[in-house]
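Below are the chains, spelled out letter by letter.
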Amino acid sequence: MKAPEFQLIGAHAVARVLHGRHEDVMELVAQTYRLHGDGRTTNPDSYFLRFPERPDARIIALPARIADEDEVAGIKWIASFPGNHEHGGLPRASAVVILNDMATGFPLACIEGSAISANRTAASAALAARLLHSDTAPDAVAVIGSGPIARQVVEYLRQSGWRPGRFRVHDLVPARAEAFRDELGALGVNAEAVTTSAEDAVRGAGLVVLATTAAEPWLADPGLLTPDQTVLNVSLRDLAVPVILAAQNVLDDVEHCMKANTSPHLAEQATGGRDFVAGTVSDLIEGRIAPDPTRPRIFSPFGLGVLDLALARFIHHEAGRLGLAVAADDFFGLGTGASAP
Ligand SMILES: NC(=O)c1ccc[n+]([C@@H]2O[C@H](COP(=O)([O-])OP(=O)(O)OC[C@H]3O[C@@H](n4cnc5c(N)ncnc54)[C@H](O)[C@@H]3O)[C@@H](O)[C@H]2O)c1
């Protein structure tokens with residue numbers, strides 16, 4: 001038996017593979033949620049490596065396995081260093097995904113992971129928006145936080161047919177919201193930077209995207225949201241317990257979400273139970289639950305390693321097919337690399 005060729009797939013190759021593939025990525029994410037709901041995945045708890053002297057920084061390991069006909073295992077290793085914004089304008093998040101061959105266990109590829117992470121996150125948010133909210137042309141969509149995740153979610157919403165009257169963008173740092181507004185404007189998208197308050201951006205917006213880096217709840221008024229609103233709670237920690245309890249709550253995975261002081265986790269601690277959870281996104285996909293029009297709906301995705309793995313596997317196949325992967329010849333020193341005689 002030969003060790004598989006080990007390949008490097010960098011950011012440019014990933015971008016070329018994913019260009020214009022939004023619907024395919026959303027379908028891949030939906031299919032992976034189905035597999036996860038059917039118990040055909042392994043998705044252990046994420047491991048958070050933290051640093052006492054740098055409490056805002058972390059590196060998270062997300063190992064996973066997908067046990068379908070093209071079985072694969074792997075891990076995403078993703079760093080979050082918020083201070084990067086101040087140090088030369090580097091992105092907060094950086095990542096790699098390692099894919100492992102299930103015949104030999106050998107690593108197959110190392111793939112740039114921040115685009116994988118942003119794309120699977122945005123695709124899952126847009127998928128949940130499609131499942132929870134039928135009006136894709138509300139007067140406004142509010143976007144709180146103006147980093148790469150917010151940008152990618154807006155891109156997936158637009159590519160999946162959302163045409164709001166305007167995007168209302170808000171950020172703790174007004175210049176970031178203004179830069180995002182200008183980018184959307186340059187694309188011909190009607191956007192406004194709301195610099196007064198997040199509440200002003202949220203009020204009356206059909207869809208609300210939360211993509212901040214808040215560590216503790218700060219949107220506390222349960223009266224802020226109305227039954228005609230759906231919230232994509234991507235950043236997980238902005239909403240106070242009463243806001244969660246007044247809504248229909250859909251999670252990606254109940255066990256995973258009840259960790260790391262997410263808003264659903266705080267609601268579980270406050271109520272001593274999980275009765276406030278309506279179900280998961282795979283329940284929505286399979287029709288086991290339906291959107292509740294009498295309450296605001298909140299989708300809270302903890303972010304599953306199986307989604308990173310599914311997308312990394314897709315990119316690995318496509319990059320190979322398009323000749324975009326770089327072989328690390330004989331990486332494991334077994335003489336079985338691509339250049340071996
Ligand atoms: N659930 C998931 O699967 C998943 C996956 C990837 C990222 N995320 C989360 O998405 C969030 C955004 O990621 P990013 O890479 O765009 O981060 P980023 O740091 O680049 O951008 C976040 C922005 O939010 C702003 N912000 C922080 N607190 C705010 C507040 N209280 N009100 C308004 N704006 C505020 C910051 O100024 C910053 O511009 C992070 O919290 C990240 O952990 C979630």
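Just so we're clear, the structure is a prediction, and the values are computed from it rather than from any experiment. Every chain is numbered independently, its residues counted from 1 as its sequence is written. Since the coordinates come from a predicted model, pLDDT governs what is reported: local features require at least 70, and pairs of side-chain atoms require 80 or more to be given and counted, while whole-chain, interface and lining totals use all residues.

## Concerning helix α5 (residues 174–186)
Cut-off, in case you're wondering: Helix and strand definitions here come from DSSP, where helices need a minimum of 4 consecutive H or I residues and strands a minimum of 2 consecutive E residues; each element is numbered from the N-terminal end. Any helix carries an expected span of 1.5 Å times its number of residues minus one. Contacts here follow a simple rule: the backbone-placed C-beta atoms of the two residues must lie within 7 Å.
Look at α5: 18 Å from first C-alpha to last across 13 residues, which is about the 18 Å you get at 1.5 Å a residue. On its buried side, α5 packs onto α4 (148–159), β9 (166–170) and β10 (191–193). Positioned one or two residues after α5, Gly 188 has a phi angle of 80°, which is positive.

## A short note on the environment of Glu 23
Using the following cut-off: Neighbour density around each residue's C-beta defines its exposure: 20 or more other C-beta atoms within 10 Å make it buried, 12 or fewer make it exposed, and counts between make it partly exposed, where C-beta atoms are placed from the backbone.
Residue placement: Glu 23 occurs in helix α2 (residues 22–37). You can call Glu 23 partly exposed: it has 14 C-beta atoms within 10 Å. It is 31 Å that separates the C-alpha atoms of Glu 23 and Val 243, two residues lying 220 residues apart in sequence.

## Quick look at the environment of Val 189
Within the element layout of this structure, Val 189 appears in the loop between α5 and β10. Separated by 24 residues in sequence, Val 189 and Gly 165 have C-alpha atoms that sit 9.2 Å apart. Apart from residues lying up to four places away in sequence, Val 189 is in contact with Phe 167 and Leu 184.

## Structural notes on the environment of Val 202
Relative to the helices and strands, Val 202 is located in helix α6 (residues 198–202). C-alpha separation for the pair Val 202 and Arg 168, spaced 34 residues apart in sequence, amounts to 8.1 Å. Those residues in contact with Val 202, other than ones at most four positions away along the chain, are Ala 142, Val 208 and Leu 224.

## Remarks on the site of the ligand
Going by this rule: Only the C-beta atom matters for nearness: placed from the backbone, it must lie within 6 Å of the molecule or strand for the residue to count as near. Charged means Asp, Glu, Lys or Arg here, nonpolar means Ala, Val, Leu, Ile, Met, Phe, Trp, Tyr, Cys or Pro, and polar covers whatever is left, Gly included. All the domain ranges listed were derived from an automatic or database domain assignment.
Contacts to the ligand come from 28 residues, most closely from Gly 145, Gly 147, Ile 149, Thr 212 and Gly 303. Elements with a minimum of two residues in the shell around the ligand: α3 (114–132) and α4. For the shell around the ligand, the class distribution of residues is 15 nonpolar, 10 polar and 3 charged. Residues lining the shell around the ligand come from more than one domain, with at least three contributed by each of domain 1 (7–116 + 305–327) and domain 2 (122–300).

## Comments concerning the nonpolar core
Burial of nonpolar side chains together is a common tendency in soluble globular proteins. Counted only if it meets this: Under the definition applied here, buried Ala, Val, Leu, Ile, Met, Phe, Trp, Tyr and Cys residues are grouped into a nonpolar core through C-beta atoms within 7 Å.
Residues Val 153 and Val 209 are the most contacted members of the largest nonpolar core, which totals 91 residues. The element contributing the most residues to this core is α3, with 12 residues. Not counting chain neighbours up to four residues away, the residues in contact with Val 209 comprise Ala 125, Val 141, Ala 142, Val 143, Ile 144, Ala 150, Val 153, Leu 232 and Val 234.

## Concerning unusual backbone geometry
Leaving glycine out, the prevailing phi sign among residues is negative, and the prevailing peptide bond configuration is trans. Its identity as a non-glycine residue notwithstanding, Leu 236 has a phi of 75°, on the positive side. Relative to the elements of secondary structure, Leu 236 occurs in the loop between β12 (230–233) and α7 (241–245). Owing to 20 C-beta atoms within 10 Å, Leu 236 belongs among the buried residues under this scheme. The phi dihedral of Asp 330 is positive, around 50°, even though this residue is not glycine. The topology assignment puts Asp 330 in the segment after β16 (326–327).

## What to know about the sheet that holds strand β15 (residues 297–300)
Under the convention used in this document: Being paired, for any two strands, means DSSP has found at least two bridges between them. Only the contacting stretch of a helix is used when fitting its axis, a line to C-alpha atoms as for every element, and angles between N-to-C directions run 0 to 180 degrees.
Taken in spatial order, the 8 strands line up as β10-β9-β8-β11-β12-β15-β13-β14 in an open sheet, and their pairing is parallel. A single partner strand is all that each edge strand has here, and the edge strands are β10 and β14 (277–280). Here the strands of the sheet are splayed against their neighbours by 20° on average, with no regard to which way each runs. As paired elements, strand β11 (residues 207–210) and β12 share 4 bridges and run parallel to each other. The residue of β12 that forms the bridge with Val 208 is Val 231. Where α4 meets the sheet, it contacts β8 (140–144), β9, β11 and β12, and its direction lies at approximately 160° from that of β8.

## Some remarks on the domain arrangement of the protein chain
Many structure descriptions define interface size as the accessible area lost when the parts assemble. The assigned domain composition of the protein chain is domain 1 (7–116 + 305–327) and domain 2 (122–300). The gap between the C-alpha centroids of domain 1 and domain 2 is 23 Å. Taken together, the contacts link 14 residues of domain 1 with 15 residues of domain 2. The element that contributes the greatest number of residues to the side of domain 1 that touches domain 2 is α2, accounting for 10 residues. A class-by-class count of the residues in the side of domain 1 that touches domain 2 yields 8 nonpolar, 3 polar and 3 charged.

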